[in-house]
Amino acid sequence: MADWSTTAAAVSNQLPSMHFIDGEWRRPLSGNLMETFDPGRAEPHAQFAAGTAEDIAEAVAAAKQAESGEWRKATPAERGRILMRAAELIRQNAERLATAEVLDSGKTLAEARGDVRGSARAFEYYAGAADKHEGKAYPLGPDYTSYSIEEPIGVTAHIVPWNYPLSTACRSIAPALAAGCTAVVKPAEQTPMTALLLAEILVQAGLPKGVCNVVTGTGIAAGAPLVSHPDVRHVTFTGSTVTGINVMKAAAQNIASVTLELGGKSPNIVLADADLELALDNVVGAIFENAGQICSAGSRLVIERSIHAEFMERLVKRARGLTIGHGLGEGVNFGAINSAEHLVKVASYVEGAKSRGVNVAAGGNAVVDPATGKGWFFEPTILDDVKWDDPVVQEEIFGPVLAVQIVDGLEEAIEAANCTDYALVAGLFTKDLSKAHRIARDVDAGQFFVNEYFAGGIETPFGGNRRSGIGREKGLLAVASYCKTKAVTIRI
Ligand code: NAD
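Only a predicted model underlies this, so the values are computations on that prediction, with no experimental measurement involved.

A. Quick look at the overall build of the chain. Scanning the chain for helices and strands turns up 17 helices and 24 strands. For 492 residues, the compact-globule estimate of 2.2 N^0.38 gives 23 Å, and the C-alpha radius of gyration of the chain, at 23 Å, lies within 12% of that figure. In the chain, which comprises 492 residues, the proportion classed as buried is 58%. Considering only intrachain contacts with a sequence separation of at least 6, the fraction spanning at least 24 residues in the chain is 74%. Accessible surface, the chain: about 19400 Å² in total, of which carbon and sulfur atoms supply 53%.

B. View of the pattern of salt bridges. Enumeration over the complete set of coordinates arrives at 26 salt bridges. Linking Lys 64 and Glu 67 is a salt bridge whose minimum nitrogen-to-oxygen distance equals 3.5 Å. On the criterion of helical spacing, the pair formed by Lys 64 and Glu 67 is a turn pair, its members being 3 residues apart in helix 2 (residues 53-67). With a relative accessible area of 38%, Lys 64 lands in the partly exposed category. When salt bridges that share partners are traced, they join Glu 277, Asp 281, Glu 310, Arg 314 and Arg 318 into one network.

C. Summary view of the nonpolar core. With 63 residues, the main nonpolar core has Phe 123, Tyr 126, Ile 173, Leu 177 and Leu 202 as its most contacted residues. Not counting residues up to four positions away in its chain, the partners in contact with Leu 202 are Ala 86, Phe 123, Ile 173, Leu 177, Leu 207 and Cys 212. Leu 322, Phe 378, Val 393 and Ala 403 belong to the second largest nonpolar core, which has 50 residues in total.

D. Structural view of the site of the ligand. The ligand sits among 27 residues. The nearest are Arg 171, Lys 186, Glu 189, Ser 240 and Glu 396. Here an oxygen atom of the ligand and a side-chain polar atom of Arg 171 are 2.7 Å apart. Within the backbone of Leu 262, an N or O atom sits 2.7 Å from a nitrogen atom of the ligand. Burial of the ligand by the protein chains amounts to 88% of its free accessible area of 850 Å². Here the shell around the ligand gets 3 residues from one element, more than from any other, and that element is helix 9 (residues 219-227). Residues belonging to the shell around the ligand are distributed by class as follows: 14 nonpolar, 8 polar and 5 charged.

E. Geometry of helix 10 (residues 241-253). Taking 1.5 Å per residue as the helical rise, helix 10 with its 13 residues ought to reach 18 Å, and the 19 Å between its terminal C-alpha atoms agrees with that figure. Those residues of helix 10 lying buried are Thr 241, Gly 244, Val 247, Ala 250 and Ala 251. Looking at the packing, one finds that the buried side of helix 10 touches helix 9, strand 10 (232-238), strand 11 (257-261) and strand 19 (422-423). Ile 255, located one to two residues past helix 10, shows a positive phi value of around 50°.

F. Region of interest: the pairing of strand 11. Judged by how many residues are buried, strand 11 sits mostly within the fold: 4 of 5 residues are covered. Here strand 10 pairs with strand 11 via 5 bridges, running parallel. Within strand 11, the residue paired with Phe 237 across the bridge is Leu 260. For the crossover that starts at strand 10, traverses helix 10 and ends in the parallel strand 11, the hand is right-handed. With 2 bridges joining them, strand 11 and strand 23 (residues 469-470) adopt antiparallel strand pairing. Residue pairing for strand 23: Leu 260 is matched across the bridge by Ile 470.

G. Inspection of the domain arrangement of the chain at higher detail. We note that the domain assignment places domain 1 (2-262 + 469-488) and domain 2 (267-457) within the chain. Between domain 1 and domain 2, the contact holds 28 residues from the first and 27 residues from the second. Surface buried jointly by domain 1 and domain 2 totals about 2300 Å² across both partners, of which 60% is contributed by carbon and sulfur atoms. One can count 1 salt bridge joining domain 1 with domain 2. With a shortest N-O distance of 3.3 Å, Glu 43 and Lys 374 are connected by a salt bridge. The interface formed by domain 1 and domain 2 holds 11 residue pairs in polar contact (both at pLDDT 80 or more) in total.

H. Fine view of the state of the cysteines. Under the criterion given, the structure shown has 0 disulfides. You can see Cys 212 has no disulfide; the closest cysteine sulfur is in Cys 170, sitting 9.1 Å from it. Cys 483 forms no disulfide, and the closest cysteine sulfur to it belongs to Cys 181, at a distance of 6.4 Å. When its relative accessible area of 10% is taken as the criterion, Cys 483 is described as buried.

I. Structural context of the packing of aromatic side chains. Scanning the entire structure with this criterion turns up 8 aromatic pairs. Here the aromatic rings of Phe 20 and Trp 25 are separated by 4.9 Å at their centres, their planes lie at 75°, and the arrangement is edge-to-face. A relative accessible area of 27% places Trp 25 in the partly exposed class. Grouped by ring-pair contacts, the aromatic residues Phe 449, Tyr 453 and Phe 454 constitute a single cluster. One cation-aromatic arrangement involves Lys 107 over Tyr 164; the distance from NZ or CZ to the ring centre is 3.8 Å. Cation over ring: Lys 474 sits above Phe 462, and NZ or CZ is 5.0 Å from the ring centre.

J. Summary view of the side chain of Asp 390. On the secondary structure map, Asp 390 appears in the loop between strand 17 (381-384) and helix 14 (391-394). Not counting chain neighbours up to four residues away, the residues in contact with Asp 390 comprise Arg 356 and Val 358.

About the cut-offs
- Residues numbered from 1 in each chain as written.
- Predicted model: local features only at pLDDT ≥ 70, side-chain atom pairs only at ≥ 80, totals over all residues.
- Heavy atoms only, no water.
- Helix = DSSP H or I, 4+ residues; strand = E, 2+ residues; numbered from the N terminus.
- Rg over C-alpha atoms; globule rule 2.2 N^0.38 Å.
- Buried < 20%, exposed > 50% of the residue type's maximum accessible area, 1.4 Å probe, protein only.
- Contact = heavy atoms within 4.5 Å.
- Areas by Shrake-Rupley, 256 points an atom, 1.4 Å probe, with all protein chains shown as cover.
- Salt bridge = Lys/Arg side-chain N within 4 Å of Asp/Glu carboxyl O.
- Core = buried A, V, L, I, M, F, W, Y, C linked by side-chain atoms within 4.5 Å.
- Near = heavy atom within 4 Å.
- Polar contact = N/O pair within 3.5 Å; in protein donor to acceptor, adjacent residues only side chain to side chain.
- Nonpolar A, V, L, I, M, F, W, Y, C, P; charged D, E, K, R; others polar.
- Expected span 1.5 Å × (residues − 1).
- Pairing = 2+ DSSP bridges.
- Right-handed = clockwise from strand over helix to strand, strands pointing away.
- Domains from an automatic or database assignment.
- Buried area = accessible area lost by both parts, 1.4 Å probe.
- Disulfide = S-S within 2.5 Å.
- Phe/Tyr/Trp six-rings, centres within 6.5 Å; stacked < 30°, edge-to-face > 60°.
- Lys NZ or Arg CZ within 6 Å of the ring centre and 35° of its normal.

Here it is in structure tokens:
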């Protein structure tokens, strides 16, 4: 038995198996439970409530009721203080949250600890924003006074994917609460636990009951009734483009607004003049962190021909040097694929590439944790010199698979970067500032990173263009998504 298994069992045994509605644990009305799997062992580790439209109706009713109560009367500064306490409590509960996240998602403990730090930071940041989202005054001349009020939009729905369960939930819940909204959260069915733990922490921080509710269950049984509920006024959805389209259609029936954070196929451009050691560190992190299950992963390397051979040699060595294993295992820096179904999807993309004669420079196989012989893992994989129209260049694999595109010069690098339907993020490595500005101008992306992939924080707006989404999270911009502007004009 692995030496971390006692810690794992202690955390799993204390996880909730109910929804969190109106400030309390509630059994699913269907009476049914589902299992959540530890991807690092490929076995179930806990049970959770299988939510249905009836549970969603209760949660939305609680959120609607909470809108007009204590929460409405709280001053923005009081809301901010609650969010700040939530940040502190997240930090105090960091180890339990991080371990639960490892067990649900398959990521490494170091990655999960980073996610928890980011989650606390989101609450801290929006705590400060709660009393700073101001209205404006409008110049109509001496006979009028005209001003706007930023009112909370109402009940908000938060649909969360499985790759960053806690931090994705926090980055949308925190600004919604800062704006004075109430929330119903539907975490992914693969990773329900940390959202439930968060809801309990928020109440401990002083959030009135009913303001933040969590209903677990599948996308079809619990997610769909939530996003189509007539009392929901804004939906923040993070997930696949295909589901995002359905969510947008459902919200449209109720004229509810949406923020959609969808897929990506982001280019990481390395020019011949780059600091190659720096670029190497970042190319590896951009695609192999979280085993590549990142919407903004740098899943395409766009590299100038003159440095391709040397860079590839070093890159392959780095990829092969990663230590695969259970997220709680000692020295592990490359975790699991989240589910058996997803492992099949990742593997089938690579098998398809092999059958088309694509050069597999590193990895390419599904494997198990060498320490236990269990788990859903896929080797860090590099597919070299791939044609631009190949599915592994055009489609999101959402796994540890890097597709390499070789280019000649700046113009071709820009063309390669823009060659997919996605436009979430892009990275660039160069020492030439004028090339950096030019490429940043011409590459379509919501975020552009120069000389540090994933640079930025909760302060920086985040979102995608085209099939990568609509709207922006993070930064002060996000608070505006959860507000409705009322213009008041008085003839005096
Ligand atoms: P998914 O779309 O299958 O599921 C995401 C969430 O939506 C889950 O909670 C699921 O239960 C729910 N859901 C499914 N069908 C639904 C429906 N009809 N109505 C309402 N909710 C429904 O996505 P996934 O496979 O879990 O996540 C991976 C995808 O998420 C990738 O495409 C990735 O790029 C994307 N993602 C994007 C971002 C971003 O910020 N842009 C961040 C993380 C993940």
